[in-house]
Amino acid sequence: MNAGLSLARAVADAVLYEGYLLYPYRASSAKNQVRWQFGVLGPPGAAAAGAGEEPDMAADCLLEPGPAARVDVHLRFLHLQTRSAEHADDGGFTPIEELVVGASRWLSWDEATDTEITLGPYSLGQLAAGVRAPVNVPATEAIEPVLDADGGTAGRLVRRRRQLRGELRLVATQVPTQMAAQVPAAAGGADMAAHGPLWRLKVTVENTAAATADKRSAIEHSFIGAHVLLAVHDADFLSVIDPPEWAAAAAASCRQHRCWPVLAGPEGQRDVLLLSPIILYDHPAVAPESSVELFDATEIDEILTLRVLTLTDEEKAEARSTDARAAAIIERCENMTAEELQQLHGILRNPHAGSPGGPGTSGYGDFPGFAVPEYSDAEFSVPEFSIPGDGADDETTDETTDETGDETTGADTPWWDPARDAAVDPESDTVFIDGVPVSRGSRVRVVPLRRADAQDLFFAGKSGRVTGVHFDVDGGTHVAVVLEADPAAELQEWYGRYLYFAPEELVPLAAAAPLDNGKEPSS
């Protein structure tokens, strides 16, 4: 058994059910009457008609094979299952919204069943020739009788799934790598010579059902939460996020469409790859503090758990009758011990642990790197920063005297003391970056460091204007920025919706020249 594949499945399950059912986990909640999941592959024509999503997803990944290399493919997805509650009457059954028998209650609801289709193993020769594997999931209907206290049939639950049809395609091509002589030894040239040929494996999953423009039919015939796990034998995958220098150009040639390839399993292991519909880093893992599947990883477990505990008995009863997974959430939260609840309070982890000292270290030649673009040292060296008054030579004591003779509060005042708030002002506070004072109104260029938030990476190299300098209770410094290229910059500032960066992620720029609007400057 592949231990790495087992660990990868834990993350893949979180991807599979992300958005499946949202707090407050009730069918009557408006947001639970629409599917909010990622990786939905709709039937052809559904996206163009506004009735569903595109039918395919695809990604390139890099493979360093041995002589006996082979690849196993695990296609995983949810299959919509309609649960219809029906009441028994005059020798037949009538569909109803809610079936109540004694103390039990069932709602008509769209469930889903998880499905995994394993294909392969495929040899390198087969992959080079191209593989087209049909995916066929038959329609099903299952009936569950509901009995009353006397054993008579009071109703039934009918679960129906529509047929799913699709295709998985694999094709591998050998890609050239830079010649070792062209790469300096310090940059991996010597390492390159020790490696064999490199192959690019393209994986495509496509829904091939009959075209439809009907919204209900589209979701019933969709692959939901679709993703792929690849496991190799006598081979290794290479990261396309942080490739070795000798494979950087090959990584730059990889293309993705609606999914993202990341190394999965434990750190240091490269035999499992996850094609995820959500952008992840290599070797993602479920936090050990997260013990309940809440289906909403963009929220905080502790907050959701506490919110679940505040639901009324009636709300909890509706959640339980909505979905078996919702019932499991309610039960798990209600039975959580004080120690387990305290564990949800979390732990501080450094998201930049193991990252290099600055930007642009993952690229090679003209290839900028996936995590952070590569900039010239002259313009984008990692800034050194300091805060006025925090230097080693600063002789300021904990308490100083202002012009009126009153004592003011110094940096050693506890963070919870109201006087500490009075000592900071984001609109006037300053941080020095490379010796340049940066405060509200300063112009900067954004240089997100590796392992930055995926959204931040879209802003790499953009110029912005500082709206404030903030200090947190742990001694961290956060610079609020609005992008100059953002057409809604003024609106963002009015709302106070800023982008926040650490000082080392910013490079000071010269002040912009005033616009020449033909008017005389005001005095």
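This one's a predicted model, so the numbers in the text were calculated from it and none came from an experiment.

*Asks:* I would appreciate a short explanation of the overall build of the protein chain in the present structure.
*Replies:* Scanning the protein chain from terminus to terminus reveals 13 helices and 24 strands. Expressed as a percentage of the 523 residues in the protein chain, the buried residues total 41%. Long-range pairs, those at least 24 residues apart, make up 71% of the contacts in the protein chain between residues at least 6 apart in sequence. Just so you have it, the protein chain exposes about 27,200 Å², and 52% of that area is on carbon and sulfur atoms.

*Asks:* Teacher, can you tell me more about a nonpolar patch on the surface here?
*Replies:* There is a patch of nonpolar side chains on the surface, built from Leu491, Trp494 and Tyr495 and spanning about 410 Å² of accessible area. Examined against the element boundaries, Tyr495 turns out to sit in helix 13 (residues 489–495).

*Asks:* Honestly, the pairing of strand 4 (residues 104–107) in this entry has me stumped. Any pointers?
*Replies:* Successive side chains on a regular strand alternate, one facing one side of the sheet and the next facing the other. Examined bridge by bridge, strand 3 (residues 98–101) and strand 4 share four bridges and lie antiparallel to one another. For Glu98, the partnering residue across the bridge sits in strand 4 and is Leu107. Between strand 3 and strand 4, which pair antiparallel and follow one another directly, the connecting turn spans two residues, one of which, Gly102, has a positive phi of 60 degrees.

*Asks:* It is not clear to me how the side chain of Ser321 should be interpreted in this structure. Could you clarify?
*Replies:* Topologically, Ser321 is positioned in helix 7 (residues 313–322). The residues contacting Ser321, other than those within four sequence positions of it, are Arg83, Arg105, Trp106 and Leu107.

*Asks:* Would you mind showing me how to read the confidence of the model for the protein chain here?
*Replies:* Interpretation of the predicted coordinates at a detailed level should be avoided for regions scoring low in pLDDT. The share of residues in the protein chain with pLDDT of 70 or more is 78%, and the mean pLDDT across the chain is 83. Taken together, the stretch residues 354–380 has pLDDT below 50 and engages in 68 contacts with residues farther than four places along the chain or on a different chain. Of the regions scoring below 50 in pLDDT, residues 391–407 engages in 14 contacts with residues more than four places distant in sequence or in other chains.

*Asks:* Just checking my understanding: could you explain the sheet that holds strand 20 (residues 443–446) for this structure?
*Replies:* Sheet strands line up and pair through hydrogen bonds in the backbone, either parallel or antiparallel. Taking strand neighbours across the sheet as the criterion, the five strands line up as 23-22-21-20-24 in an open arrangement whose pairing is antiparallel. The open sheet is flanked by strand 23 (499–501) and strand 24 (506–509), the only strands paired with a single partner. Direction aside, the axes of adjacent strands within the sheet are offset by 45 degrees on average. Two elements, strand 22 (residues 477–483) and strand 23, share three bridges in a ladder whose sense is antiparallel. From the neighbouring strand, Val481 faces strand 23, where its bridge partner is Leu499.

*Asks:* Looking at this structure, I do not really get the pattern of salt bridges. What am I missing?
*Replies:* Going through the model one piece at a time under the given rule, you end up with 28 salt bridges. Taking the shortest distance from any N to any O, the salt bridge between Arg26 and Glu318 comes out at 3.5 Å. Taken as a pair, Arg26 in the loop between helix 1 (3–17) and strand 1 (56–89) and Glu318 in helix 7 lie far apart in primary sequence, 292 residues in all. Through salt bridges that share partners, Arg9, Asp13, Arg76 and Glu116 make up one connected network.

*Asks:* Looking at this structure, how should I read helix 7?
*Replies:* Every α-helix winds through 3.6 residues per turn, so residues three or four apart in the chain are directed the same way. Among all positions in helix 7, only Lys316, Glu318, Ala319, Ser321 and Thr322 are buried. Against strand 1, strand 4, strand 5 (109–123), helix 6 (301–309) and helix 8 (324–334) lie the buried residues of helix 7.

*Asks:* Whenever I open this one, unusual backbone geometry confuses me. Can you help?
*Replies:* Comment: phi is negative for the bulk of residues other than glycine, and the bulk of peptide bonds are trans. Note that the residue after Tyr23, namely Pro24, is joined by a cis bond; omega there is 10 degrees. With an omega of 5 degrees, the peptide bond running from Gly120 to Pro121 counts as cis. Considering the arrangement of structural elements, one finds Pro121 in strand 5. Look at Arg258: it is not a glycine, yet its phi comes out positive at around 70 degrees. The class of Arg258 is partly exposed, set by a relative accessible area of 26%.

*Asks:* Would you take a moment to explain the nonpolar core for this structure?
*Replies:* The tendency in soluble globular proteins is for nonpolar side chains to be buried as a group. Counting 37 residues, the largest nonpolar core has Val73, Leu170 and Leu230 as its most contacted members. Those elements that place two or more of their residues in this core are strand 1, strand 5, strand 6 (131–137), strand 9 (164–175), strand 10 (198–207), strand 11 (224–238) and strand 14 (272–276). Of the residues forming this core, the biggest block, nine residues, is contributed by strand 1. Setting aside residues up to four positions removed in sequence, Leu230 forms contacts with Cys61, Val71, Asp72, Val73, Leu201, Val203, Phe237, Asp271, Val272 and Leu273. Listed in part, the 28 residues of the second largest apolar core include Leu16, Leu107, Cys333 and Leu344.

*Asks:* Is there a simple way to explain the packing of helix 7 against helix 8 in this structure?
*Replies:* Pairs of packed helices are described in terms of their axes, by the angle between the two and the distance that separates them. Two elements in contact, helix 7 and helix 8, have axes separated by 6 Å at closest approach and are oriented at 135 degrees. Comparing their axes, helix 8 and helix 7 come out oblique. Of the residues in helix 8, those in contact with Lys316, Ala319 and Arg320 of helix 7 are Ala326, Ala327, Ile330, Glu331 and Glu334. Within the contact of helix 7 with helix 8, the residues separate by chemical class into four nonpolar, no polar and four charged.

*Asks:* It is not clear to me how the packing of helix 6 against helix 8 should be interpreted in this structure. Could you clarify?
*Replies:* One way to put it is that helix 6 packs onto helix 8 with a least axis distance of 9 Å and a crossing angle of 95 degrees. By the angle between their directions, the pair helix 6 and helix 8 is classed as roughly perpendicular. The segment helix 6 lies against helix 8, with Thr305, Val308 and Leu309 engaging Ile329, Ile330, Cys333 and Glu334. Here the residues of the contact of helix 6 with helix 8 are counted per class, giving five nonpolar, one polar and one charged.

*Asks:* What's the story with the environment of Leu306 in this structure? I'm lost.
*Replies:* Locating Leu306 in the fold gives a position in helix 6. Among the residues examined, Leu306 registers a relative accessible area of 38% and is labelled partly exposed. Each C-alpha atom of the pair Leu306 and Glu334 lies 9.8 Å from the other, and the pair is 28 residues apart in sequence.

*Asks:* Looking at this model, I keep getting lost on the state of the cysteines. Mind explaining?
*Replies:* Covalent bonding between the sulfur atoms of two cysteines is what defines a disulfide. Considering all chains together, one arrives at zero disulfides under this definition. The cysteine Cys61 is free of any disulfide, with Cys254 supplying the nearest cysteine sulfur at 7.4 Å. On the basis of relative accessibility, which here comes to 1%, the residue Cys61 falls in the buried class. Relative accessible area serves as the criterion here: at 3%, Cys254 is assigned to the buried category.

Calculation rules
Residues numbered from 1 in each chain as written. Predicted model: local features only at pLDDT ≥ 70, side-chain atom pairs only at ≥ 80, totals over all residues. Heavy atoms only, no water. Helix = DSSP H or I, 4+ residues; strand = E, 2+ residues; numbered from the N terminus. Buried < 20%, exposed > 50% of the residue type's maximum accessible area, 1.4 Å probe, protein only. Contact = heavy atoms within 4.5 Å. Areas by Shrake-Rupley, 256 points an atom, 1.4 Å probe, with all protein chains shown as cover. Patch = residues over 30% accessible without salt bridge, like charges linked within 9 Å, V, L, I, M, F, W, Y side chains within 5 Å. Salt bridge = Lys/Arg side-chain N within 4 Å of Asp/Glu carboxyl O. Pairing = 2+ DSSP bridges. pLDDT = per-residue confidence, 0-100. Axes fitted to C-alpha atoms, helices over the stretch in contact; angles between N-to-C directions. Core = buried A, V, L, I, M, F, W, Y, C linked by side-chain atoms within 4.5 Å. Parallel < 35°, antiparallel > 145°, perpendicular 65-115°, else oblique. Nonpolar A, V, L, I, M, F, W, Y, C, P; charged D, E, K, R; others polar. Disulfide = S-S within 2.5 Å.

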